[in-house]
Amino acid sequence: MRFTLASVVLGLSISASCTHLSLSPRLHEHRRAAPSGWVPVRRAEPTASLPIRIGLAQSNLANLDSYLLSVSDPASPSYGQHWSAAKIAETFRPSTDAVDAVRTWLLANGVPGHAIKLASGGAWMHADVAVADAERLLGTQYHVYQHSDGTEQVACADKYHLPEHLRAHVELVLPTLNFDVDRRAAKARRSVVSAVAPRDARSPSFSPSFPVPRSEAQQPDPSSVEHCGSVITPACVRALYGFDYNFTTPSNNSIGIVEYSPEVYLPKDLDMFFQNFSSSLVGTRPNLISIDGGQNNVTIGAYLGEADLDLQYAMALVGESQTVNLYQTGDGLHYASYNNFLDALDGSYCTYEGGDDPAHDAVFPDPQGGYQGPESCGTAPLSHVISTSYTYDEEAFTPAYMQRQCNEYAKLGLMGVTFLFSSGDFGVAGYDNECLISNGTLAKGGSKFVPTWPSTCPYVTSIGATQLPAGGSVNDKEVACQTLISSSGGFSNVFALPDYQKSAVQTFLKNYPPSYPSAVWNATGLSRGFPDLSANGANYSVADNGTWTKLSGTSASTPVIAAMLAAVNDARAAAGKNPVGFINPTIYSASFADAFHDITGGTNPGCGTAGFSAQPGWDPVTGLGTPNFPKLLELWKALP
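Residues numbered from 1 in each chain as written. Predicted model: local features only at pLDDT ≥ 70, side-chain atom pairs only at ≥ 80, totals over all residues. Heavy atoms only, no water.

Colleague: Run through the overall build of the protein, naming residues and quoting values.
Modeller: Scanning the protein for helices and strands turns up 13 helices and 30 strands. Per-residue burial for the protein yields a buried fraction of 63% across its 640 residues. Total accessible area on the protein is roughly 21,600 Å²; 52% of this is exposed by carbon and sulfur atoms. (Helix = DSSP H or I, 4+ residues; strand = E, 2+ residues; numbered from the N terminus. Buried < 20%, exposed > 50% of the residue type's maximum accessible area, 1.4 Å probe, protein only. Areas by Shrake-Rupley, 256 points an atom, 1.4 Å probe, with all protein chains shown as cover.)

Colleague: How would you sum up helix H8 (residues 338–345)? Please name residues and give values.
Modeller: Most of H8 is tucked away: eight of the eight residues are buried. Those residues of H8 that fall on the buried side of the exposure criterion are Tyr338, Asn339, Asn340, Phe341, Leu342, Asp343, Ala344 and Leu345.

Colleague: Give a description of empty space enclosed by the protein that names residues and reports values.
Modeller: For the coordinates displayed, the defined rule picks out eight cavities of 30 Å³ or more. By volume, the second largest cavity amounts to about 90 Å³. Lining the second largest cavity are 14 residues; nearest its centre among them are Phe449, Val450, Pro451, Phe491 and Trp521. Of all the elements, strand S24 (residues 490–496) adds the most residues to the lining of the second largest cavity, at three residues. (1 Å grid on protein atoms, 1.4 Å probe; cavity = no way out; pocket = protein on both sides within 12 Å on 5 of 7 lines; lining within 4 Å. Points joined across faces, edges and corners; volume = space filled by probe spheres on them.)

Colleague: Give a description of the sheet that holds strand S5 (residues 116–118) that names residues and reports values.
Modeller: What holds strands together in a sheet is hydrogen bonding between their backbones, with the strands either parallel or antiparallel. An order of S5-S6-S4-S10 is seen for the four strands of this open sheet, with the pairing classed as antiparallel. Sheet topology places S5 and strand S10 (170–174) at the edges, where each strand pairs with a single neighbour. Each strand axis lies, on average, 20° off the axis of its neighbour in the sheet, ignoring direction. Pairing between strand S4 (residues 49–56) and S10: four bridges, direction antiparallel. Across the sheet, the residue bridging to Leu56 is Val170, located in S10. This element, helix H4 (residues 131–138), spans S4, strand S6 (124–130) and S10 of the sheet and lies at about 125° to S6. Sitting on the sheet, helix H9 (residues 399–414) touches S4, S6 and S10, and the angle it makes with S10 is about 120°. (Pairing = 2+ DSSP bridges. Axes fitted to C-alpha atoms, helices over the stretch in contact; angles between N-to-C directions. Contact = heavy atoms within 4.5 Å.)

Colleague: Describe the pattern of salt bridges, with residues and values.
Modeller: For the structure shown, the criterion picks out eleven salt bridges. A salt bridge links Arg26 to Glu164; its shortest N-O distance comes to 3.2 Å. Of this pair, Arg26 sits in strand S2 (residues 25–31) while Glu164 sits in the loop between strand S9 (159–163) and S10, and the two are 138 residues apart along the sequence. Classification of Arg26 as partly exposed rests on a relative accessible area of 33%. Its salt-bridge partner being Lys444, residue Asp432 comes within 3.7 Å of it at the nearest N-O pair. Residue Asp432 is found in the loop between strand S18 (418–422) and strand S19 (435–436), and its partner Lys444 is found in the loop between strand S20 (442–443) and strand S21 (452–453); the two are separated by twelve residues along the sequence. On the accessibility criterion, Lys444 (53% relative accessible area) is exposed. (Salt bridge = Lys/Arg side-chain N within 4 Å of Asp/Glu carboxyl O.)

Colleague: Before we move on, can you summarise the packing of aromatic side chains with the specific residues and values?
Modeller: Applying the stated rule across the entire model yields 37 aromatic pairs. When the centroid spacing of 6.2 Å and the interplanar angle of 70° are considered together, the rings of Tyr260 and Tyr338 count as edge-to-face. One end of the pair, Tyr260, is in strand S13 (residues 255–260); the other, Tyr338, is in helix H8, with 78 residues separating them in the sequence. By relative accessible area, which is 3% here, Tyr338 ends up buried. Between Phe449 and Phe612, the ring centres sit 5.5 Å apart and the planes meet at 85°, which makes this aromatic pair edge-to-face. You can see Phe449 sitting in the loop between S20 and S21 and its partner Phe612 sitting in the loop between strand S29 (596–597) and strand S30 (626–627), a full 163 residues away along the chain. What makes Phe612 buried here is its relative accessible area of 2%. Through a chain of ring-to-ring contacts, three or more aromatic side chains come together here, namely Tyr260, Tyr338, Tyr390, Tyr392, Phe397, Tyr401, Tyr409, Phe419 and Phe421. Note that Lys87 overlies the ring of Trp83, its terminal NZ or CZ placed 4.1 Å from the centroid. (Phe/Tyr/Trp six-rings, centres within 6.5 Å; stacked < 30°, edge-to-face > 60°. Lys NZ or Arg CZ within 6 Å of the ring centre and 35° of its normal.)

Colleague: Could you give an account of the state of the cysteines, with specific residues and numbers?
Modeller: Summed over the entire model, instances satisfying the criterion amount to three disulfides. With a sulfur-sulfur separation of 2.1 Å, Cys406 is cross-linked through a disulfide to Cys457. Torsion about the S-S bond of the Cys406 and Cys457 cystine: about 85°, corresponding to right-handed handedness. With Cys406 in helix H9 and Cys457 in the loop between S21 and strand S22 (461–467), the pair connects residues that are 51 residues apart, well separated along the chain. Judged by its relative accessible area of 0%, Cys406 is buried. A residue is classified by how much of its surface remains accessible, and Cys457, at 0% relative accessible area, is buried. (Disulfide = S-S within 2.5 Å.)

Colleague: Before we move on, can you summarise the environment of Asp100 with the specific residues and values?
Modeller: Within the element layout of this structure, Asp100 appears in helix H3 (residues 96–108). Overall, Asp100 belongs to the partly exposed group, its relative accessible area being 40%. Counting along the chain gives 69 residues from Asp100 to His169, while the straight-line C-alpha distance between them is 9.7 Å.

Colleague: Go over the sheet that holds strand S3 (residues 38–43), please, and point to the residues and values.
Modeller: One open sheet accounts for three strands, arranged S3-S7-S8; its pairing is antiparallel. Two strands close off the open sheet at either side, each with one partner strand: S3 and strand S8 (152–156). Taken pair by pair, the neighbouring strands of this sheet meet at an average axis angle of 40°, ignoring direction.

Colleague: With reference to specific residues and values, describe the pairing of strand S7 (residues 142–147).
Modeller: A large share of S7 lies buried, amounting to five of its six residues. Looking at chain direction, S3 and S7 are connected through five bridges and run antiparallel. Opposite Arg43, over in S7, you have His143 as the bridge partner. Of the pairings in the sheet, the one linking S7 to S8 comprises five bridges and is antiparallel in character. Within S8, the position partnered with Tyr142 by the bridge is Cys156. Counted between consecutive antiparallel strands, the loop separating S7 from S8 contains four residues, among which Gly150 sits at a positive phi close to 100°.

Colleague: A description of helix H10 (residues 499–511) should follow, citing residues and the corresponding values.
Modeller: Here H10 contains 13 residues, and its C-alpha end-to-end distance of 19 Å stays within 8% of the 18 Å for a straight helix at 1.5 Å per residue. Listed as buried for H10 are Tyr500, Gln501, Ala504, Val505, Phe508 and Leu509. In this fold, the buried residues of H10 make contact with S24, strand S25 (527–530) and helix H12 (584–587). (Expected span 1.5 Å × (residues − 1).)

Colleague: How would you summarise the packing of helix H7 (residues 305–318) against helix H11 (residues 554–574) if you had to cite specific residues and measurements?
Modeller: Helix-helix packing is characterised by the crossing angle of the two axes and by the distance between the axes. At a closest axis distance of 9 Å, the pairing of H7 and H11 adopts a crossing angle of 25°. One finds that H7 runs roughly parallel with respect to H11. Considering only the axes of H7 and H11, their crossing is right-handed. Across from Glu306, Leu309, Asp310, Ala314, Leu317 and Val318 in H7, the residues of H11 making contact are Ser555, Ala556, Pro559, Val560, Ala563 and Ala566. Residues of the contact of H7 with H11, tallied by class, amount to nine nonpolar, one polar and two charged. (Parallel < 35°, antiparallel > 145°, perpendicular 65-115°, else oblique. Left-handed = near helix turned anticlockwise from the far one by under 90°. Nonpolar A, V, L, I, M, F, W, Y, C, P; charged D, E, K, R; others polar.)

Colleague: Explain the environment of Ala562 residue by residue, including any values.
Modeller: Structurally, Ala562 can be placed in helix H11. A C-alpha to C-alpha distance of 9.7 Å links Ala562 and Leu317, two positions 245 residues apart in sequence.

What follows is the structure, given as C-alpha cells:
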C-alpha cells in the first residue's frame, strides 16, 4: 500500500522522479497562481538576506505504509506493537548521502560552510543566502507579494528547480511557493458556529453566526434526553451512541485536546458546565502542556467558544478519573501551526535551527515580541488520542508541504497515537463558502469543490457531523448535519486513495455516482475520500463566557469521538493491551462493518450544488457513520 501524491492535483503539482543523474536543473514544485488576495508588487531586493530551509528526503519512506499497517491492520500478527521514539528517529533519519549531496551543492555554488547548518533532528538543512543567490540556486525569481490587507511576503513567482542529482535527496525547499494564505483569518479555521447572537467579531475565522431566540439557549436539563433534537447535552451523546463506560486505568491512558492561542477556555465556564452536568468535576482543570509559550491567558482578544466546547464535552464524557491533556500552542500574538505542534511531539521532526516555513509556521523566539523562549522541540508528552478541531483548505499548501506533514502523522501513528481532525463546516466548499476557479485559487462564485486539510491525509481520521431531525428524539435516525453548518467531505486533489479505503470508496462511486462533471470534483476514483466517521454536531449546549450557548460544527463531533476512543484504550489497558493507535485500517475492515450507525439522509451543499449525498455504506458526507460504542468496545477488546 502506498499513499503517493495523486496525479489529479487541481492548481498545485509536484514533479515526478527522474531516473538518470545530471547537474541540469529540473522542475521541483510549481503552482499556477498565488492564493486569493496575493499579488506581486515588485521584485525582491537582490542583496536582501533570505533564510533557505531545505527539507531532506527521509530514509525508508517507501516502507512507511507497510510499517504502519503492520501495527494497525487487525489481521497483522504485529497489531498493536507500536514503535519507540528512538526507533522512529533512527529509521527515518535522512541518509548521510542526502546530507553530503546537499551540502556539497551549496558549497560548490558559493555558500560558505559556516552559513550551512543541519537541524538537530537531521531532517532540515539551513543556509542564509542573498536573494540573488537563492534565485540562481533554485532557478527561480523572488517577488514581494502583497495581500489585500497590506501584508507583504517574499515568495517565488510560480516554480523552482533543483539539479536532477538532488531530487532524490530533497523533499521541498522553503520559502518558495507557500503563502501566508490565512491573513484573512486565524492561522487555522476553527470548526464551530454559534447559534446565538453574533459574537467575537474580531475573529473572522469563526463562521458567520445565525441568531435564534435567546430562550433556546437556556440552562438545559442535565439528565433529560427528551429535547436532543433541539439541544445536545452529554446525556444526549451517551444515549445516541450507547456510551456508558467507567474509566478504570486512567494512569495508563491519555486523551489530548489541541488549541491554538488566543483560543482559550474560561475556568468559570468549565465549572458552570460541570455544575450542571457533572458536579464531581467542579474545580477540575485540564493538564496544561504549553507549546511555544502557550498559556490559558483570558485577555481582551481571547476567543472562548472552541476551547470551551472541546474541553467541556471531552472532560464530561471521560469523567473525573481520566486526565485530559490540553496542548495550548502558540503565544497568542502570532498563530502557531500544525508543524509547531508536531515539532513539540516529535524531536526527530523538529525543525529547530531552521525548517518551519514562516509563511505558515510561527517562529520562536518570537521576533515580534511575545514568547522569547526556545522553540518547543520534542518537549510535549504524547497522548494516545489527540483531537483537533481546526482545519485548512487543501488549496492553502503545496503538495510537498502537505506530504511531509502527512508522513509525520503516520510516524506518530506508528508510536500508537490516534489523530482525529474535524472535517470542516462548509460542505463541499472551502472556508467562508469559497470554491476553486479555473486558475486553482479560491473565490466566491467558484464552481470546483474544495477538500479540507489535514482530513485528506490518509494517516489521520477525519470526523464529520450529523444531527437529529428537528424536534426528533435519540431514537430517531440521524442525518447529515445541515443545521447552521454543512459537514465537509469529498475527495482529495492531492492524496491517492489508500488501500484500506478502496472497497468503501469504489462501492460508493459505483452504486451512487455523483452527477457532477469531472471539472467540478475529483471524479477519478483514485483519490482519498473523507470523512471517515461522524457524530452529532448540531446545537451543543455550552457554557460560554458565563452564558448558555448552542454551538454547532465538526468541532463538536471530534472530541466526542476522541472520548469514546479513550474509553476503548482504557478497556484495552485494563486487559494489558496497547492503545488502538491509527484506527483507519481497522474501522474499514469487514469485521467492523456493523460497528457503526449508517447515515443515509442529507447532503453537504456548497459551490452552487447540493454537494454529495449520504448513502448506505461509506459516503463523502458522513463517512462510515456514527459509532455504536458497545459494539466498538467489544470488537477492539477482542483484538490483540
